Amino acid sequence: GSDSSDSGSDGGDDTFTIGFALSQSGNMAPFDVEPGNAAMLRIEQINEDGGIDGKQIKTVSKDVRSSPETVGTAATELISSGIDLLVTPCDFDLSAPGAAVAQAASIPAISICAGDPKMADATTLGDYVFSANAGSDVEGATGAAWAIDQGWKNAYLLQDESIEYTKSAGKYFAAAFEDLGGTVVGNDAFPGGDNVNISSQANRLKNLATQPDFVYVASWNPGGATAIRQLREAGIEVPVVGPAALDGQVLLDVVGDSASDIFYTGFACYAYCSGGEGDELEKFVTDYEADYGSEPASSYALLGYNMVTAIADAAGRADSFSGADLKAALEDSRPVSTPIGDVQYFSSTCHKIIDMPLSVIGVETGKISFVGQQRIDSIPDVGDGNSCAS
Amino acid sequence: MIMEFLISAVGLGALYALLTLGVALMFGVLGLMNFAYGEILLAGAFAMYLFRNEPWFVGAGMALVFAVAVALLSERLAFHPLRDADPVILMIASFAVSLALQSIARMTVLPRARGIAPEPFLSRRIEVLGADVSVLDLVTVGLCGVTLVAVAWLMGRTSLGIQLRAAAEDFRMAALLGVRPNLVIPAAFVIVGVLAGIGSVVLAARQGSVSADMGLQPMLIGVVGAVLGGMSSLKGAALGGFLLGAVTALLETFLPTDLIAFRDAFLFTALIVVLVVRPQGLLSGAKVRVS
Amino acid sequence: MLSVDDIHVHYGASVHAVQGLSLQVGEGELVSVIGQNGAGKSTVLKAVMGVVPTASGRITFDGVEVGASGFSSVKQRMSYVPESRGIFAGLTVGENLRLGAIVRKDRKLVEADIERELERFPVLRRYWDRGASLLSGGEQQQLAIARALMLRPRLLVLDEPTLGLAPIVVDLIFDVVEQLRAEGMTILLVEQNAVRALEVADRSYVVQAPGRVLGEGTATELAAQPDVVDHLGFTPEGRVQP
Amino acid sequence: MTVLSTRLQTPLLLIGITAVVLAVGTAGGPTLERVATLSLISVVFVVGLSTFSGNSGVMSFGHVAFMAVGAYTTAYLTIPVPLKGVLFANLPESLRWLAEVHTSASAAVLLSCAMAAVAGLVTAPVVARLSGLQSGIATLAFLLVVYNVLNSWTDVTRGSSSMIGLPRSTTIVTAFVAAALAIAVGWAYRTSRSGLQLQAGREDYWAAQAAGIAVGRHRAIAWVLSATICGLAGSLYASFLTTFNVNAFFLSATFAFVVMIVLGGYLSLSGAVLGAIGVSVLQELLRRLQDGGLTGGSALPPGTANLLLALVLLLTLVKAPYGVMGARELVLVRGGRRLRRGAQAVRTPAGS
Amino acid sequence: MSATQLATPPPSVLRMAEGGIHFDGVRAVDGVTLEVRSGEVLGLIGPNGSGKTSTLNLLSGMLRATSGSIHLDDHDLTRLSMRRRTRFGVVRTFQSGRVFGRLTIAENVEAAALGGGLRRREARQLTADILAELGLEDVAHQQADALTAGRIRITAIARALASRPRFLLLDEPAAGQNESEAIALITAIREFAQRRGCGVLLVEHDMSVVMGTCDRLHVLDSGRTVTEGEPALVRRDPKVIEIYFGKRHDHDAER
Ligand SMILES: Nc1ncnc2c1ncn2[C@@H]1O[C@H](COP(=O)(O)OP(=O)(O)OP(=O)(O)O)[C@@H](O)[C@H]1O
Ligand SMILES: Nc1ncnc2c1ncn2[C@@H]1O[C@H](COP(=O)(O)OP(=O)(O)OP(=O)(O)O)[C@@H](O)[C@H]1O
Ligand SMILES: [Mg+2]
Ligand SMILES: [Mg+2]
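Residues numbered from 1 in each chain as written. Chains lettered and ligands numbered in written order. Predicted model: local features only at pLDDT ≥ 70, side-chain atom pairs only at ≥ 80, totals over all residues. Heavy atoms only, no water.

**Structural notes on the overall build of chain C**
Rules: Under the scheme used here, helices are H or I runs from DSSP no shorter than 4 residues and strands are E runs no shorter than 2 residues, and both carry numbers assigned from the N terminus. As defined in this context, the radius of gyration uses C-alpha atoms, and a globule is described by 2.2 Å times the residue total to the power 0.38. Exposure categories follow from relative accessible area, calculated using a 1.4 Å probe and restricted to protein chains: below 20% of the type maximum is buried, above 50% is exposed, and the middle band is partly exposed. Contacts between residues were defined by any pair of non-hydrogen atoms, one from each residue, lying within 4.5 Å. All accessible-area figures derive from a Shrake-Rupley calculation using a 1.4 Å probe, and residue coverage is judged against the displayed protein chains alone. The sign given to each residue is positive for Lys and Arg and negative for Asp and Glu; His and the chain ends receive no count. Positions of charges follow a simple convention, taking NZ of Lys, CZ of Arg, CG of Asp or CD of Glu.
Secondary structure assignment for chain C yields nine helices and twelve strands. Relative to the globule expectation of 18 Å for 242 residues, the C-alpha radius of gyration of chain C, 18 Å, shows essentially globular dimensions. Projected onto its principal axes, the C-alpha coordinates of chain C cover approximately 50 × 45 × 35 Å. Residues counted as buried form 61% of the 242 residues belonging to chain C. Here the contacts in chain C between residues at least 6 apart in sequence split such that 64% fall between residues at least 24 apart. Put simply, chain C shows about 8900 Å² of open surface, and 49% of that area lies on carbon and sulfur atoms. Taking the average location of the 24 positive side-chain charges in chain C and that of its 30 negative ones, the two points are 8 Å from each other.

Here it is as structure tokens:
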């Protein structure tokens, strides 16, 4: 009887139970479904390989329907059913109510792929709250570092104001780019959302005295893809760089066959992206397709897969599956091996991925392909109390 | 440069006018503030995605077909049984329809956003009066004009138009005079479907993506524009939509960068002010006497 | 021609407005229905036109059951002027008038009929292009009657057609009614002006709440029925009782 | 039955129903308690909305904005000061003091209501002037403005980031007390002089004017009062969830509440209360159904719950076009529990 | 009606001087001067579309006059809203009833009493009195929607009375009533006017009502005054017969 009232505090348990409170329906579902699927895939694999020290991983899932109230309710229900660890949605704000419930019950809660750097701060939502993503701060800074490596000196920042993720990606991009000696020659903003019209912004950019070497589009799909498409339609042909949320088949479809010189910092290059596959990555994609009938449509899926590896690793090292022991083990993460190489997860001050190579991916006449890997040594300090910044 | 700003403002205005026209027609004719209008647009845009590998006009044609089909279906299943209900109830019913259609779209064909590649012809830019103008904007303006004239003619000059307006106002009396509501009201939905279809073609060409919740913003624009222009007058509604679009574009042009995020706040505050000054909308339609 | 047989009509669960009423209108006959406020007169007309459903009883027109599936009063060429006039406020006067002939195919004759109605009610010509709701009450009433005549109906159902009309127009309406009857039209008339109604009608029904026939017959026949005279407060032959 | 007790029947019955929710929530374990608390908070909100919409006949899409005002005020007043220093590091100079203020939970609730009332007062002139659809759209525009400002004024509101670290001070009991209070206030207004006049204005604006009724003024009164109640709901919501972000106060919340009030019958207070509780229960049932909690494990495809909700909503509207209660109120007649028939909404065919 | 709250006000005059209004070219009212004095019933008659309702709209403030002025004694009402005029005691009814459909009859009347500024208790008392006077007690707790057209008109009048009018402007109150009901209504109006010293402007086409009630008649045609005077005289005026009564008017008057 693993699913009775014996909660995570009982270390003598022979199963390890993860509760998934993800959006399987509603407008946030697109962000949660694939990473969730990939996580399940990884759990299956671990169980087939004998589990964590012989203990099987059990899962319980609740659809939180993209609603913050439901997240809290589902988390409450999961925790009272005795889970050892809670996985919350990819979106920080949707995660928060669930994380709050977990924090109160001293059960670790890990957001499957939230990119908002605030998720990393153990003092905000609480010290039981983690995110299995590197964060938009890392993405922005990585984009900047890569651009500098291309020899580009002048950047133009086109900021999507709709969500926190895009705002901090833009902010960290600009800070890192200037730290590295580049100049941001201009910036502009648009409200974002799914009804994008940037003709005014494009006009302003075209009439700029110094034309930039590239434009950093701090946005997300599908609005970001639309913005890039409209830039190109307005006749702006300089390279475009952006964060990971631009990743996916949809970018390619939106910008069309003739678009080129579009780059973004993704997590992996697979399926719709060519040139980056290692054997392990290929195996991940085939396994995924075998289980779910289609290839993953963005590299976020891999984050869910990797998260389970990190959780299993920590659980294997933990003294017991009690919340406190699990948390301690998570905070003491060691690099784990993933299809994209070694990834260093959490520490006691930084509750998100500390070190992960990002894949720079480029769009060239309708093809997405791997351009290279980019690592950064440090995140610039922009004065927002980022606990992972140097 | 000013010219370019102007043309893009006019282009957006024309798109909004198109959106508004459909909402206003449905309201003016059926008293139905249709929140499911967004999903009718979605159906059209989805057709554009489905037929993205066919020639562009096939996709556009199918967009009309899909939009009309969804419009008719929603009439049959939801609005038909509610014909005598009051406007608030109809509005809520339309919201339920919207929710249902969206859930179905998400569960079946559109679990996540899909892209539609740009049509080379539409994404070209040409020189007009010394300004560099996108063909899409010109096409939008043209479509909007033609649609407006066609709808005005249909509603004002044809027997169908008279019957429609009569049936909308007093369902039973119209039936007593021989208007066949079961033909005429679906006809209104067909017209609205066609309008939405046209709107969705333009929308898809601009946004390049289709997602289950893409209809929400255009629907809101339609509703707000229609009220701004004066609900009972189609001309007013088109004007309202046009202004909404043009002002949006102008705000984006003239607001300083750090205030662009507040565009909607400015826009909707202005809307409230206009409503307070002219509660009946910019152009009020047929006057109705109180006695 | 029109036969109403023992009908019952309810509004909601609590109002039983017509309770077992029967009436007959023969071909070419002018029949009036009179009775006090709330007697159920309008309800009977609504039932005849299929506007309210009958709970029981039969209504037939030319042998075809009213309200049976597929029946449309227009197809049977029945025209109706409701108590509330049923003017379409959002349409112009002209559009309202044309709507009366919407099922007719004989375009030419329709134009001629429009001309005839405009002769009859000059005010309609004057306001042809105006929103119908802008008309005064009496003008709207004239429009409603003109519109009903546009169908060239076989049966004309009038619910208080003189409501709100100036005496001179009331005369006109009664003249029109008599003329139509002379032309052979069948007419069912509900009227508050009982004296005039009895005067023009071939036969009349006196209805009493809740929707029951108190008496029936020509003015003279009715005058012979004491309870009818009592109910009406005057003898139906035209003199007010002292 | 005396006049007094007939007048008090409806609110007492409604409070009784919310007490049942309290009882079920208290007895049913943490999940049920959570759901019950949220549904009681919905009752507070929907009663607030009904105080305006039910009496004025104008459907408001803007009340969620008052809820937001209440929630943000509570957040500012109750998040521990040290944490606020971190969260609001970039407050503009003139608002620095905001990072320092701190009040007790109960003072925060009162101040939240007050702030919502202020927001109501500021917007009241607009509402007083507009009727019908225009008013509905103006309220929607108001919501869009508030949302946009909250979402974009990052330094002060944290933009689209969540507010975090609120102490949990709403319990199921406080939620119940608030719901009972809201019902009492809502009923008192409905039967007040202003309430009756506003209802007259709802039925016929011009006739009400002709009867000397200042419809606009009464609309404004109802607006401010309902804003206050919705502010209360927002405060409770914030200190129940302990974290929230601006998206909780936008269109999907608006629609959820509008569905509640319309399903119950938006012209009646009983309809508002029953709608709020009914839809909350329905939502939870559907959630459990979809997750397999009711069918013994086999989960239904994701999205089924939303689809079913839409269908139930449509069916209810077709069967009861004025909501479950129509314009009626729940009363007990002579000891027997039944609905009063007198005030049914029968429409006159073919106009009247 | 209970005397406590309703002491008879001093006699006064409601006067429209050269009032006019036009709508897109139609001069609905064109320089009409008329006066209603407290305690009298002034009948306003004329062909359909002659401007009677429009005149009433001008007096009540439903429409703003494009020319001319309206005074209640020394108070200039010309620019006041309908609501303010009601507070001054100039109260109207509508041609189409316009009751508050989903309120009960009692609530209809009470709302108007409250609108007139009464306190709750007073309003309830006044409502009870008015309902009793007009014989509406039996339907007091019915929803107004469900009544017959005739009852709806009476409710509208009851509501107007609840505004404690000094001048009552009635638009075709007897339309749709049968004879006995019309007579009952006239009696009630007359009695009310006399007892309360209230002036009444009565727009009506039913000649038996007009002749039986009015102290004076004012005749309009195409927005202009045709004649004014005692009912008996007006009835014999050949101009009025031509435009309004028609040849058969003698018969009419007899019924
Ligand atoms: N829509 C309705 N809902 C409820 N009851 C109604 C409705 N219409 C009519 N009634 C009731 O039905 C009864 C008959 O009404 P009806 O209108 O047929 O009377 P009538 O004889 O035409 O009266 P009037 O002379 O006033 O026009 C009345 O008691 C009335 O209250
Ligand atoms: N709001 C308006 N817009 C345009 N024309 C109007 C308006 N109101 C009234 N009229 C016109 O003004 C004229 C006078 O109308 P009014 O309603 O005053 O007539 P009335 O004397 O009351 O007639 P009835 O006896 O038929 O009620 C009519 O011809 C009418 O068409
Ligand atoms: Mg009748
Ligand atoms: Mg009139």
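**Considerations on a nonpolar patch on the surface**
Cut-off, in case you're wondering: Note on patches: the residues involved have over 30% relative accessible area and no salt bridge, like charges join within 9 Å, and the nonpolar side chains Val, Leu, Ile, Met, Phe, Trp and Tyr join within 5 Å. Only one rule defines a salt bridge in this text: a Lys or Arg side-chain nitrogen within 4 Å of an Asp or Glu carboxyl oxygen.
Together, B:L239, B:L243, B:V247 and B:L283 line one region of the surface with nonpolar side chains, adding up to about 260 Å² of accessible area. Tracing the sequence through the fold places B:L283 in the segment after α12 (263–277).

**Re the coordination of the magnesium ion (ligand 3)**
All names here are of chain C. Put simply, the rule reads: Each metal's donors are the N, O and S atoms within 2.8 Å of it, or within 3.2 Å when it is Na, K or Ca, and because water is not part of the set, sites may look incomplete.
Taken together, the protein ligands of the magnesium ion (ligand 3) are S42 (OG) and E83 (OE), with distances of 1.8 to 2.2 Å. One end of the pair, S42, is in helix α1 (residues 41–49); the other, E83, is in the loop between β6 (78–81) and α2 (93–99), with 41 residues separating them in the sequence. For S42, a relative accessible area of 12% puts it in the buried group.

**Notes on the pairing of strand β3 (residues 30–35) of chain C**
Residue and element names in this part refer to chain C. Where we set the bar: In this analysis, strands are considered paired if DSSP registers two or more bridges between them.
Counting buried positions along β3 gives six out of six residues, so the element sits mostly inside the fold. Two elements, β3 and strand β8 (residues 186–190), share four bridges in a ladder whose sense is parallel. Pairing of S32 across the sheet is with L189, part of β8. Where β3 meets strand β9 (residues 203–208), five bridges bridge the pair, whose relative direction is parallel. Each bridged residue has a counterpart across the sheet, and for V33 the counterpart in β9 is Y205.

**Regarding the interface of chain D and chain B**
Stated formally: Accessible area that two parts lose when put together, with a 1.4 Å probe and added across both, is what the buried area reports. Two N or O atoms count as a polar contact when they lie within 3.5 Å, although within protein this holds only if one can serve as hydrogen donor and the other as acceptor, and sequence-adjacent residues are included solely when both atoms are side-chain atoms. Nonpolar residues are Ala, Val, Leu, Ile, Met, Phe, Trp, Tyr, Cys and Pro. Charged residues are Asp, Glu, Lys and Arg, and all others, Gly as well, are polar.
Taken together, the contacts link 42 residues of chain D with 44 residues of chain B. Looking only at chain D, the three residues that lose the most surface to chain B are D:L133, D:I137 and D:F255, adding up to 14% of its buried area. Along the contact surface separating chain D from chain B lie zero salt bridges. Run the count over chain D and chain B and you get five residue pairs in polar contact (both at pLDDT 80 or more). Counting residues per element, the ones that place at least two in the side of chain D that touches chain B are α5 (105–129), α6 (132–152), α12 (251–264) and α14 (304–319) of chain D. Tallied by class, the residues present in the side of chain D that touches chain B amount to 34 nonpolar, six polar and two charged.

**Thoughts on the pattern of salt bridges**
Within this structure, the stated rule accounts for 54 salt bridges over all chains. Between B:D132 and A:K206 there is a salt bridge; the shortest N-O distance is 3.6 Å. Remark: A:K206 occurs in helix α6 (residues 199–206) and B:D132 occurs in strand β3 (residues 131–134); the pair is interchain, linking two chains. A salt bridge links D:E93 to D:R96, with the shortest nitrogen-to-oxygen separation between them at 3.7 Å.

**Notes on the arrangement of the chains**
No other pair of the eight pairs of chains in contact has as many contacts as chains B and D. Considering only C-alpha positions, the minimal separation of the non-contacting chain A and chain E is 37 Å.

**Focus on the site of ligand 1**
Just so we agree on the cut-off: Working definition: residue near molecule or strand if any one of its non-hydrogen atoms lies within 4 Å of it.
Residues in contact with ligand 1 amount to 22 residues; listed here are only the nearest, C:G38, C:S42, C:T43, C:E83 and C:Q192. Site remark: ligand 1 is flanked by residues from chains C, D and E. Within the contact set of ligand 1, an oxygen atom lies 2.9 Å away from a side-chain nitrogen or oxygen of C:K41. Here an oxygen atom of ligand 1 sits 2.9 Å away from a polar atom, N or O, in the side chain of C:Q192. Considered on its own, ligand 1 offers 630 Å² of accessible surface; in the complex 90% of this is hidden by protein. Of all elements in the fold, only β2 (15–25) and α1 of chain C reach the threshold of two or more residues within the shell around ligand 1. Broken down by element, the shell around ligand 1 gets its largest block of residues, three residues, from α1(C). Of the residues assigned to the shell around ligand 1, the class counts are eight nonpolar, ten polar and four charged.

**With respect to the environment of C:R120**
Residue and element names in this part refer to chain C. With respect to the helices and strands, the residue R120 is situated in helix α3 (residues 107–120). Taking the relative accessible area as the measure of exposure, R120 reaches 14% and is therefore buried. Between the C-alpha atoms of R120 and L163, which are 43 residues apart in sequence, the distance is 18 Å. Look past the residues within four positions of R120 in its chain and what remains in contact with it is L149, L172, V176 and Q179. Of the polar contacts made by the side chain of R120, one reaches the side chain of E117; its length is 3.0 Å.

**Here's the deal with the interface of chain E and chain D**
Quoted interface sizes are often the accessible area lost when the parts come together. Tallying the contact residues gives 29 residues for chain E and 28 residues for chain D. Of the roughly 2300 Å² buried at the junction of chain E and chain D (both faces included), carbon and sulfur atoms supply 57%. Interface area lost by chain E to chain D is led by E:R83, E:F100 and E:R102, which between them contribute 29%. Where chain E packs against chain D, one counts two salt bridges. Across the pair E:R102 and D:E203 runs a salt bridge whose closest N-O atoms are separated by 3.0 Å. Linking chain E with chain D are seven residue pairs in polar contact (both at pLDDT 80 or more). Those elements that provide at least two residues to the side of chain E that touches chain D are α2 (82–88), β6 (90–92) and α3 (105–115) of chain E. In terms of residue count, α3(E) provides more of the side of chain E that touches chain D than any other element does, six residues in total. Split by residue class, the side of chain E that touches chain D holds eleven nonpolar, seven polar and eleven charged.

**What about the nonpolar core?**
Side chains of a nonpolar character, in soluble globular proteins, are inclined to be buried together. We count it as follows: The criterion is simple. A nonpolar core is a set of buried Ala, Val, Leu, Ile, Met, Phe, Trp, Tyr and Cys residues joined through side-chain atoms within 4.5 Å.
Counting residues in each nonpolar core, the largest one holds 269 residues, and the members touching the most others are D:F244 and D:F249. D:F249 has contacts with D:V64, D:M67, D:A68, D:A71, D:Y72, D:L143, D:Y147, D:Y237 and D:F244, leaving out every residue within four places of it along the chain.

**A closer look at the state of the cysteines**
Residues and elements named next belong to chain A. Convention followed: The disulfide definition used here is simple: a pair of cysteine sulfur atoms within 2.5 Å.
Taken as a whole and judged by the stated rule, the model has three disulfides over all chains. The residue that forms a disulfide with C269 is C273, at a sulfur-sulfur distance of 1.8 Å. When the S-S torsion is -95 degrees, as for the bridge of C269 with C273, the disulfide is left-handed. Per residue, the accessibility class of C269 equals that of C273, and both read buried. Bridging C350 to C388, the disulfide has an S-S length of 1.9 Å. Residues C350 and C388 are joined through a disulfide that is right-handed, its torsion about the S-S bond being 100 degrees. Taken together, the positions of C350 in the loop between β13 (341–343) and β14 (358–364) and C388 in the segment after β15 (367–374) put the pair 38 residues apart, joining distant regions of the chain.

**Topic: helix α9 (residues 193–203) of chain D**
α9(D) sits mainly inside the fold: ten of its eleven residues count as buried. D:S194, D:G195, D:L196, D:Q197, D:L198, D:Q199, D:A200, D:G201, D:R202 and D:E203 are the residues of α9(D) that are buried. The inward-facing, buried residues of α9(D) abut α2 (29–56), α8 (172–190), α10 (205–210) and α11 (215–241) of chain D together with α3 and α4 (120–133) of chain E.

Geometric values such as these leave the question of function open.
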